[in-house]
Amino acid sequence: MSLPDKAFPVSWDQFHRDARALAWRVAGMQREWRAMVAITRGGLVPAAIICRELGIRMIETVCIASYHDYDEQGELKVLKNVDPRLLENEGEGILVVDDLTDTGKTAAIVRAMMPKAHFATVYAKPKGRPLIDTFVTEVSQDTWIYFPWDMGLTYQEPITKGHGG
Ligand SMILES: O=P(O)(O)OC[C@H]1O[C@H](OP(=O)(O)OP(=O)(O)O)[C@H](O)[C@@H]1O
Ligand SMILES: [Mg+2]
């Protein structure tokens, strides 16, 4: 498998705005959250922004590693679970945060731990969308999202190069 054709590059500024938009949506639900659970590692970034906006100070992690075979997602392994107290009442009152859902496999693992938790991601692709309660922007399944923490500044060829422009 190669990377999807379409690219959706996200700057720090855009990510901050989109994560804040997610916080606005969750805030609109007017619920009290027992705790936030960030799905590492990508979920740590929106979690930092959203917990600030919502005044949540109890932050937990669920640590999941996917073993990539070249660029294909391999087996998912839970390296660290949440505090068992958060699993009470099937995760009711817990806000789970991740940067995106793609195939939905990561969200499905965490959903199995906390079926009644509220799942929020900044971005969603169609396959993962049914597993998420609140998200901000949907991109097509054949789009790869490039996050700012994975990027560096590189030279770009001019659009008209080789076309006499
Ligand atoms: O819906 P899925 O197909 O499961 O993909 C979504 C997951 O993939 C990415 O994490 P990744 O496993 O790459 O690890 P990272 O968060 O440590 O970068 C992303 O942060 C989501 O957690
Ligand atoms: Mg992740």
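Residues numbered from 1 in each chain as written. Chains lettered and ligands numbered in written order. Predicted model: local features only at pLDDT ≥ 70, side-chain atom pairs only at ≥ 80, totals over all residues. Heavy atoms only, no water.

Visitor: Give a detailed account of the environment of P115, specifying residues and quantitative values.
Guide: Residue position: P115 is located in the loop between helix 3 (105-113) and strand 6 (118-124). Overall, P115 belongs to the partly exposed group, its relative accessible area being 36%. Residues P115 and G55, 60 residues apart in the sequence, show an inter-C-alpha distance of 24 Å. (Helix = DSSP H or I, 4+ residues; strand = E, 2+ residues; numbered from the N terminus. Buried < 20%, exposed > 50% of the residue type's maximum accessible area, 1.4 Å probe, protein only.)

Visitor: Which residues make up the site of ligand 1, and what are the values?
Guide: Taken together, 15 residues form the shell around ligand 1, and within it R41, D98, D99, T103 and T106 come nearest. Side-chain polar atom of D98 to an oxygen atom of ligand 1: 2.6 Å apart, as the coordinates give it. Between ligand 1 and T103 there is a distance of 2.5 Å, counted from an oxygen atom to a side-chain nitrogen or oxygen. Counting only elements with at least two residues in the shell around ligand 1, the list comes to strand 5 (94-101) and helix 3. Sorting elements by how many residues they give to the shell around ligand 1 places strand 5 first, with four residues. Considering only residue class, the shell around ligand 1 consists of one nonpolar, nine polar and five charged. (Near = heavy atom within 4 Å. Polar contact = N/O pair within 3.5 Å; in protein donor to acceptor, adjacent residues only side chain to side chain. Nonpolar A, V, L, I, M, F, W, Y, C, P; charged D, E, K, R; others polar.)

Visitor: How would you explain the environment of K77 if you had to name every residue and give the values?
Guide: As for its position among the elements, K77 is in strand 4 (residues 76-80). Since its relative accessible area comes to 43%, K77 is described here as partly exposed. Sequence spacing of K77 and V62 is 15 residues, and the spatial spacing of their C-alpha atoms is 11 Å.

Visitor: Would you mind going over the UniProt feature "binding site: GMP" (unreviewed entry) in the protein in detail, with residue names and values included?
Guide: Feature annotation in UniProt assigns "binding site: GMP" (unreviewed entry) to the following positions: D102, T103, G104, K105, T106, W144 and I145. Inspection of the secondary structure puts T103 in the loop between strand 5 and helix 3. On the basis of relative accessibility, which here comes to 32%, the residue T103 falls in the partly exposed class. Leaving out residues up to four positions away in the same chain, T103 has contacts with Q73, K127, G128 and Q141. At 3.3 Å, the side chain of T103 forms a polar contact with the backbone nitrogen of K105. Along the chain, G104 turns up in the loop between strand 5 and helix 3. Not counting residues within four places of it along the chain, the set of residues in contact with G104 comprises G128 and L131. (UniProt positions renumbered as here; feature names shortened; annotations may be inferred. Contact = heavy atoms within 4.5 Å.)

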